[in-house]
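Residues per chain are reported as follows:
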Amino acid sequence: MNKLPLIFLGVFITFASSWIGLVAYPFLTLGKMEPLPDEDTGGYFPPAMSGLAVAGQRVYAANGCVYCHSQQVRLAPLSTDIKKGLGPRQTVARDYLRAQPAFLGTMRTGPDLSNIGARQPDVNWHHQHLYEPQTITSWSVMPPFRHLYKMQPIEGQASDNAVKGLKGSYAPPSGYEVVPTDDAKALVAYLISLKRNFPLPESPEPALE
Amino acid sequence: MKSQSLISSFNPANDPNTLDSYERAEIDASTRVPVLLFFGSAIFWLLIGSLLGLVAAWKMTHPALLDGMAWTTFGRIRPAHLNTVIYGWASAAGIGVGIWLMARLCRVALVHSKLLIAAAIFWNLGVLVGVLGILAGDSRSIEWLEIPGYATPILFVAYAFIGIWTIIMFRFRKPGHVYVSQWYLFAAFLWFPWLYATANILLVWSPIQGSAQGAVNWWFAHNILGLWFTPLGLASAYYMIPKVIGRPIHSYYLSILGFWSLALFYSWNGMHHLIGGPFPAWMVSASVVASIMMFIPVITVAINHHMTMRGNFGALKWSPTLRFTVFGAMTYTIVSFQGSSMAIPSWNTFIHFTDHTIGHAHLGLYGFFTMIMFGAIYYIVPRLVGWEWPSATMIRWHFWLSAIGIGIMVGALTLGGILQGFAFYDPAATFRTSLEYATPFRIIRGLSGFLLLGAHVVFAILFTQMLLRIGRPQEGPALFATPTEPEKEVAAV
């Protein structure tokens, strides 16, 4: 192998094959997929995200939630995800059309979040959980995200959006309240928007034995 | 050249064009400034990266550690660790070793060293801005591509200088054989910009839609290991092993087979990270098949290296370079076998989403690649600074702390990951069970991090002494033991 042009050609072609198969092909197919019209309501599957939820993806990315939380429900026999209640059906390409970026995840140091909005729709629960995870789940290893909240003195009446039920060591002393920043509001709006439970023809709900 | 047999032409030491020691010293001297810049900065980032990794590891069992602050939250420290060690340490060390090998194997003194000096400065600036950007919260959380879009152009500028220099070196090389290490270097220097540009354009600068992002993400993340670090590591092993023991590579034909099968199969591996994910079945199947086909290049390289070493394993007793390099080369075989097995869907079921994968990644990047880089740096630096390593004892400490540290780390994560995976699969087990299984192993992993950090501190001290040319009186190279007389004759220590 003394001929550099030949080495170049081989190196180029072998790599181009995977570039076509694993980059160009998914870009042209999965990357151009359209949402499915919902005849009953005139909406779409997956439904459009609110502006706040779209902004929440940015906060999810900035704080690296994806390193512990996947967003993929997989079928048996590869997994027991559906039996364990991670979602009613497998997540498929169409579920991620509006995700930017698509937080598929590769680790489950924490639970899967594909359907966290369906499992836990309570806004205050999420705020409290992000602020002091260990008071909700004592054995949790989730880091507290107190940097997404502000502690402030209560002036006159308590704010409407003050986080309720805080009781950990960083709970506000009397006369103070903890309110979510815009980032925290966006993040919770995003988490609550995570519901991959709408019907899709390409992903029927498997029967549970 | 025509009169030469293939086999004899294949060993750099047997080549009639082999340089005499004077020419060799001249070439080595010409690489001094850029190579030392890359090595020095790489070792700096290795220390920073080890610290970040240690903090991230302990946060997994002690979430209250440095909690409540944006900059130190786990989700930022972890990608900061990854990008520091990938781009700051491993890539820079690989580029440094690559530059030196290129000059030696092209048999010409390095030209345009200003290009490379500029490249080293830009590369480090890119890593610095990128890692600070991650800590500031500007990452898109796309694994292995966390460096924000405003920092990657700096890395590209650095890479462009290196790429241009590579082409110049190949144009002006002395006529003669193109050695196997050069094929790997040539390929790696071509694949990297293609990989990195594709992934950054499609995922960071102008993101594509939907689950296609996942495919591109793992096509990139697996190929940066397979088509950037692996060829750089193998290029070094293919050079250092025959050089130190003074014997040619066992088989030219095995080298060809190993090279081309790596090029063909490795690039298709990425989708095995997404088995069961939202993709057409054929894409995942193609990656599973390609992953299993990886047995071909891996076994080929393993046989070739083993047969070259046969009868010379005694040299591991005295040569630091060889000991690190052979440790890395053997780990390459182990980590690749493990990787192929992890892609088999029925086994992947149990280890997907677990610490097992993290163990595998560290075995590859540290046990294989980093150890080979250590070996190469021990060989190269004395030839650049005209000074011998000041302490064989400290090199021995470095080796054993690294080897034992990575062994414990990978062992703990591998076992803990399997238990964690069983809990994920068992419908009767709660999420808490998976965490309880993983925790003791994560603590062991956290402890092993101290050993690795210790190894790197020792290495950094040695390297600093070399730069300052201080330490013991120089009566010969720093070896673990005295080589036998016949070994001394052939070996280049």
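This report concerns the structure included in the present document.

Calculation notes
Residues numbered from 1 in each chain as written. Chains lettered and ligands numbered in written order. Predicted model: local features only at pLDDT ≥ 70, side-chain atom pairs only at ≥ 80, totals over all residues. Helix = DSSP H or I, 4+ residues; strand = E, 2+ residues; numbered from the N terminus. Rg over C-alpha atoms; globule rule 2.2 N^0.38 Å. Buried ≥ 20, exposed ≤ 12 C-beta atoms within 10 Å, placed from the backbone. Contact = placed C-beta atoms within 7 Å. Nonpolar A, V, L, I, M, F, W, Y, C, P; charged D, E, K, R; others polar. Axes fitted to C-alpha atoms, helices over the stretch in contact; angles between N-to-C directions. Parallel < 35°, antiparallel > 145°, perpendicular 65-115°, else oblique. Left-handed = near helix turned anticlockwise from the far one by under 90°. Core = buried A, V, L, I, M, F, W, Y, C linked by C-beta atoms within 7 Å. Expected span 1.5 Å × (residues − 1).

### A few points about the overall build of chain A
- Counting secondary structure elements, chain A contains six helices and four strands.
- Overall, chain A shows an N-to-C arrangement of helices and strands of α-β-β-α-α-α-α-β-β-α.
- Its C-alpha atoms give chain A a radius of gyration of 22 Å, more than 25% over the compact-globule value 17 Å for 209 residues.
- Split into buried and exposed, the 209 residues of chain A put 43% on the buried side.

### Some remarks on the overall build of chain B
- Broken down by element type, chain B carries 17 helices and zero strands.
- Over its C-alpha atoms chain B spans a radius of gyration of 22 Å, differing by no more than 12% from the 23 Å that the globule rule assigns to 493 residues.
- Seen through its C-alpha atoms, chain B measures out along the principal axes to roughly 70 × 50 × 45 Å.
- Put simply, chain B has 493 residues, and 58% of those count as buried.
- For chain B, contacts bridging at least 24 residues in sequence account for 84% of all contacts bridging at least 6.

### Remarks on the interface of chain A and chain B
- Listed by partner, the interface residues are 59 residues for chain A and 69 residues for chain B.
- Broken down by element, the residue count for the side of chain A that touches chain B peaks at 13 residues, all from helix α1 (residues 4-28) of chain A.
- Of the residues contributing to the side of chain A that touches chain B, the split by class is 36 nonpolar, 17 polar and six charged.

### Notes on the packing of helix α7 (residues 180-205) of chain B against helix α8 (residues 212-245) of chain B
Residue and element names in this part refer to chain B.
- Between α7 and α8, the least distance of the axes is 9 Å, while the angle of their chain directions is 160°. In terms of axis orientation, α7 runs roughly antiparallel to α8. Judged by the twist between their axes, the crossing of α7 over α8 is left-handed.
- A per-class count over the contact of α7 with α8 returns 22 nonpolar, four polar and no charged.

### Focus: the nonpolar core
- Core analysis: the biggest nonpolar cluster contains 207 residues, and Ala93, Ala188 and Val216 of chain B have the highest contact counts within it.
- The element best represented in this core is α8 of chain B, accounting for 22 residues.
- Not counting the four nearest positions on each side in its chain, Val216 of chain B is found in contact with Val23 of chain A together with Ala199, Leu202, Leu203 and Ile208 of chain B.

### Comments concerning helix α11 (residues 295-309) of chain B
All names here are of chain B.
- The terminal C-alpha atoms of α11 lie 21 Å apart, and with 15 residues this matches the ideal 21 Å at 1.5 Å per residue to within 8%.
- All of the buried residues along α11 are Pro297, Val298, Thr300, Val301, Ala302, Asn304, His305, Thr308 and Met309.
- After α11 finishes, the residue Gly311 shows a positive phi value of roughly 85°.

### What about the packing of helix α12 (residues 320-343) of chain B against helix α14 (residues 355-385) of chain B?
All names here are of chain B.
- Look at α12 against α14: their axes get within 8 Å of each other, and the N-to-C directions meet at 160°. Overall, the two elements α12 and α14 adopt an arrangement that is roughly antiparallel. Here α12 and α14 pass one another in a crossing that is left-handed. Residue-level inspection shows Pro320, Thr321, Phe324, Thr325, Phe327, Gly328, Thr331, Tyr332, Val335, Gln338, Gly339 and Met342 of α12 in contact with α14, the latter providing His360, Leu363, Gly364, Gly367, Phe368, Phe369, Met371, Ile372, Phe374, Gly375, Tyr378 and Tyr379.
- Considered class by class, the residues forming the contact of α12 with α14 number 14 nonpolar, ten polar and no charged.

### Describing unusual backbone geometry
- Cis geometry is adopted by the peptide bond preceding Pro77 of chain A, which originates at Ala76 of chain A and carries an omega value of 0°.
- Pro101 of chain A follows Gln100 of chain A through a cis peptide bond whose omega is -5°.
- For Pro101 of chain A, the location among the structural elements is in the loop between α2 (51-62) and α3 (116-119).
- One non-glycine residue with positive phi stands out, namely Arg107 of chain B, at about 60°.
- You will see that His112 of chain B, though not glycine, has its phi angle at about 50°, which is positive.
- In this structure, His112 of chain B sits in the loop between α4 (74-106) and α5 (113-136).

### Considerations on α12 of chain B
- Taking 1.5 Å as the rise per residue, α12 of chain B with 24 residues should run 34 Å; its terminal C-alpha atoms sit 35 Å apart, in good agreement.
- A large share of α12 of chain B lies buried, amounting to 17 of its 24 residues.

### Here we look at the environment of Ile408 of chain B
All names here are of chain B.
- Residue placement: Ile408 occurs in helix α15 (residues 392-425).
- The class of Ile408 is partly exposed, set by 17 C-beta atoms lying within 10 Å.
- Here the alpha-carbon distance between Ile408 and Trp387, two residues 21 residues apart in the chain, equals 34 Å.
- Beyond its immediate chain neighbours, meaning those up to four positions away, Ile408 contacts Ile444 and Ser448.

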